[in-house]
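Read off the chains here:
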Amino acid sequence: MPSPCSRKHANLFSLLDISLLHSMHTNGSLWFSPFTAANALKGPRLVTAEPGGAVTIQCRYAPLSINSHQRKYWCRLNPLTWICHTIVSTNRYTHLQYHGRVALTDFPQSGLFVVRLSQLSPDDVGFYRCGVGNQNDILFFSMNLTISAGMGRGLVGQAWQREC
């Protein structure tokens, strides 16, 4: 199985695909919209924590005016339908199953929003997305959340993140 860092090139192709979606062909030349560059997102690709612990995920975006007013969200990808269901967003939405254990805080001047999920259980293992915008399938980055009981006593309740 490839490491999270080997997926870096695959993520570049995703960004190129998004760029092409927001481009126009004019007089034989290809023009790229600044919309794409303004909305590149970054964050951890792999997040690991212990059962009962918590994770804090930093989702970074370009600190531009257009982004500061956009909806920020964290959603969970359904592996059967590939639909990402919102867990929490800046529109004051929190999924009922996550009430009391998830929070999202936006820091628009810093181009950062932070998601915290606590009381982790094996049911939380899966793929998630941090994103910006009204839809959960256009501007985002994906991450894998794993739960591991063997992380060591010094890391109880803390998360280990790998960003490539």
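Residues numbered from 1 in each chain as written. Predicted model: local features only at pLDDT ≥ 70, side-chain atom pairs only at ≥ 80, totals over all residues. Heavy atoms only, no water.

Some words on the overall build of the chain
Check the secondary structure of the chain and you find 3 helices and 12 strands. In the chain, which comprises 164 residues, the share counted as buried stands at 40%. Pairs at least 24 residues apart make up 59% of the contacts formed inside the chain by residues separated by at least 6 positions. (Helix = DSSP H or I, 4+ residues; strand = E, 2+ residues; numbered from the N terminus. Buried < 20%, exposed > 50% of the residue type's maximum accessible area, 1.4 Å probe, protein only. Contact = heavy atoms within 4.5 Å.)

Examining the pairing of strand S5 (residues 55–61)
Of the two faces of S5, only one is covered, namely that formed by Val-55, Ile-57, Cys-59 and Tyr-61; the face formed by Thr-56, Gln-58 and Arg-60 stays uncovered. As judged from the 2 bridges shared by strand S3 (residues 41–42) and S5, these two strands associate in the antiparallel manner. Along S5, the bridge assignment pairs Leu-41 with Tyr-61. As paired strands, S5 and strand S9 (residues 112–117) are joined by 6 bridges and run antiparallel to one another. Within S9, the residue paired with Ile-57 across the bridge is Val-115. (Pairing = 2+ DSSP bridges.)

What about the confidence of the model for the chain?
Here the chain shows a mean pLDDT of 76. Residues at 70 or above account for 67%. Ranking the elements of the chain by mean pLDDT puts strand S1 (residues 23–26) last, at 30, and S9 first, at 98. The model gives residues 1–38 a pLDDT under 50, and that stretch makes 35 contacts with residues more than four places away or in other chains. When the criterion is pLDDT under 50, residues 152–164 qualifies, and its contacts beyond four places in sequence or with other chains add up to 33 contacts. (pLDDT = per-residue confidence, 0-100.)

Considerations on the packing of aromatic side chains
In this structure the tally under the stated criterion is 2 aromatic pairs. Centroid distance Tyr-61 to Phe-113: 6.2 Å. Interplanar angle 40°. Geometry classified as tilted. Pair noted here: Tyr-61 is in strand S5 and Phe-113 is in strand S9, with a separation of 52 residues, a long-range link. Phe-113 carries the same exposure label as Tyr-61, and that label is buried. For the pair Trp-74 and Tyr-128, a centre-to-centre distance of 4.5 Å together with 10° between the ring planes defines the contact as stacked. Within this pair, whereas Trp-74 is found in strand S6 (residues 72–77), its partner Tyr-128 is found in strand S10 (residues 126–132), the two being separated by 54 residues in sequence. (Phe/Tyr/Trp six-rings, centres within 6.5 Å; stacked < 30°, edge-to-face > 60°.)

Concerning the sheet that holds S5
Strands sit in the order S3-S5-S9-S8 across an open sheet of 4 strands; the sheet is antiparallel. The sheet is open, and its two edges are formed by S3 and strand S8 (102–107), each paired on a single side.

A closer look at the side chain of Arg-71
Here Arg-71 lies in the loop between helix H3 (65–68) and S6. Buried charge without a partner: Arg-71 forms no salt bridge, and the closest opposite charge is Asp-137, 8.6 Å away. A distance of 3.0 Å separates a polar atom in the side chain of Arg-71 from a polar atom in the side chain of Thr-86. Within the local environment of Arg-71, its side chain forms a polar contact with the side chain of Asn-136, the two groups lying 3.0 Å apart. In this view, Arg-71 contacts Thr-86, Ser-89, Thr-90, Asn-91, Gly-131, Val-132, Gly-133, Asn-134, Gln-135 and Asn-136; residues no more than four positions away in its chain are not counted. (Lys, Arg positive; Asp, Glu negative; His and termini not counted. Salt bridge = Lys/Arg side-chain N within 4 Å of Asp/Glu carboxyl O. Polar contact = N/O pair within 3.5 Å; in protein donor to acceptor, adjacent residues only side chain to side chain.)

Considerations on the pattern of salt bridges
Going through the model one piece at a time under the given rule, you end up with 2 salt bridges. Asp-106 is the salt-bridge partner of Lys-72, the closest N and O atoms lying 3.0 Å from each other. With Lys-72 in strand S6 and Asp-106 in strand S8, this residue pair connects regions lying 34 residues apart in the sequence. The class of Lys-72 is buried, set by a relative accessible area of 0%.

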